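Observations on chain architecture
Residues per chain are reported as follows:
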Amino acid sequence: MNMKKDVMILAGAGQIGMAIARRMGYGMKIVIGDKNIENAKNISDILNKAGFDTVAHEMDLSSRESIKNILVEAQKYGEITMLVNAAGVSPSQAPIEAILKVDLYGTAVLLEEVGKVIAEGGTGVTISSQSGHRMAALTPEQDRLLAMTPTDELLSLPMLQPENIGNTLHAYQIAKRCNVKRVMAEAVKWGERGARLNSISPGIIVTPLAIDEFNGPRGDFYKNMFAKCPAGRPGTADEVANVAELLMRPQGAFITGADFLIDGGATAAYFYGPLQPQEK
Ligand SMILES: NC(=O)c1ccc[n+]([C@@H]2O[C@H](COP(=O)([O-])OP(=O)(O)OC[C@H]3O[C@@H](n4cnc5c(N)ncnc54)[C@H](O)[C@@H]3O)[C@@H](O)[C@H]2O)c1
């Protein structure tokens, strides 16, 4: 291989991931990993035809080995300076165990493994969700367990056993809460390398994942949510990229270990407005 370039790892070849890669990745080598190689190839093709330099790889976020493989491949092109993690499954797409393995454990492993190789000055964002913000507060001990438990012990925590989870929405919410906690803990380690890491918690963003939710068992709930939130509409992947751009560019140099809610005010309306759950 000849010319080395700065490398972006894009995990998850969905709409949100592509929007961020498109905003941030021009001039870099973008290594796109997705469990569904067709998704990765599609996004790779769209970006390459628009002047970007990307390559598609099969990668399973729930497998440490798969993550390590893509990092080895990526480093052949140059130093990893950016991570965008937008891979995941939603409550209507997968059972409890799969949501925990992909969204909770997989994200934790990815942040850890990239944190071992991220270049000085590097930045990362991982996509969490407003859904984690709607879940009631956990105890300080539970938060600490989600933040600090070694990755390979995470799925053995009693609080994460399927019998203590109940349903896929709760699994998703706790996975997303965990993402935010892991970002805080990992940002400390990334900081030792001169790198920054943040998370973004979007509300309803129109993507295939959200469309699955609109057509799933909670479809009416979601449609009501965007109709009654202050913005009165769902958001777009490009609006998520606006936040990612601030977090990943030098303007965001003082921001690390943080989580940004971008939900059109849905969480505010859920706690203090027309989206409050009805009293039983
Ligand atoms: N769309 C929304 O409304 C919304 C809201 C909040 C959070 N999010 C989060 O944003 C992220 C991206 O979602 P999106 O809406 O762009 O969805 P999307 O369906 O467009 O993309 C998700 C991608 O992740 C891939 N993926 C699934 N399991 C994987 C695995 N085990 N390993 C590797 N890749 C895997 C899928 O194949 C898909 O290409 C997810 O983490 C999701 O939870 C989305």
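First, a word on what this report is: a plain description of the structure on this page. One numbering rule holds for all chains: residues counted from 1, following each sequence as written. Per-residue local features of the predicted model are confined to residues with pLDDT of at least 70, and side-chain atom pairs are confined, for both listing and counting, to 80 or more; whole-chain, interface and lining totals are unaffected and use all residues.

Focus on the environment of R218
Relative to the helices and strands, R218 is located in the loop between α9 (208-214) and α10 (219-228). Counting other C-beta atoms within 10 Å of a residue's own tells you its class, since 20 or more makes it buried, 12 or fewer makes it exposed, and anything in between is partly exposed; those C-beta atoms are placed from the backbone. On the neighbour-count criterion, R218 (17 C-beta atoms within 10 Å) is partly exposed. For the pair R218 and G252, spaced 34 residues apart in the sequence, the C-alpha separation amounts to 36 Å. The residues touching R218, leaving out its near neighbours within four places in the chain, are S92 and E213. Numbering of helices and strands runs from the N terminus; a helix is a DSSP stretch of H or I covering at least four residues, while a strand is a stretch of E covering at least two. We call two residues in contact when the distance between their C-beta atoms, placed using the backbone, is within 7 Å.

Remarks on the site of the ligand
Taken together, 29 residues lie near the ligand, and G14, L61, G88, T207 and L209 sit nearest. Residue assignment for the shell around the ligand shows that the elements contributing at least two residues are α1 (15-24) and α9. Residues are grouped as follows: Ala, Val, Leu, Ile, Met, Phe, Trp, Tyr, Cys and Pro are nonpolar; Asp, Glu, Lys and Arg are charged; all remaining types, including Gly, are polar. The residue makeup of the shell around the ligand, split by class, is 15 nonpolar, eleven polar and three charged. Nearness is defined per residue: the C-beta atom, placed using the backbone, must lie within 6 Å of the molecule or strand.

Structural notes on the sheet that holds strand β2 (residues 29-34)
When DSSP finds two or more bridges between a pair of strands, those strands are recorded as paired. Spatial strand order, β3-β2-β1-β4-β5-β6-β7: seven strands in an open sheet with parallel pairing. Two strands lie at the open edges of the sheet, namely β3 (53-58) and β7 (259-262), each paired on one side alone. Across the sheet, the axes of successive neighbouring strands diverge by a mean angle of 20 degrees, strand direction being ignored. Relative to strand β5 (residues 123-127), strand β4 (residues 80-85) runs parallel, the two sharing four bridges. Paired with L83 across the strands is G124, a residue of β5. Simply put, an axis is a line fit to the C-alpha atoms, just over the touching stretch for a helix, and the angle between two N-to-C directions goes from 0 to 180 degrees. Here helix α8 (residues 168-192) sits on the sheet in contact with β5, β6 (196-202) and β7, set at roughly 165 degrees to β6.

Observations concerning the environment of Q93
Its place among the elements puts Q93 in the loop between β4 and α4 (96-115). On the basis of neighbour count, Q93 is assigned to the partly exposed category, with 17 C-beta atoms found within 10 Å. Sequence separation between Q93 and A253 is 160 residues, and the spatial gap between their C-alpha atoms is 36 Å.

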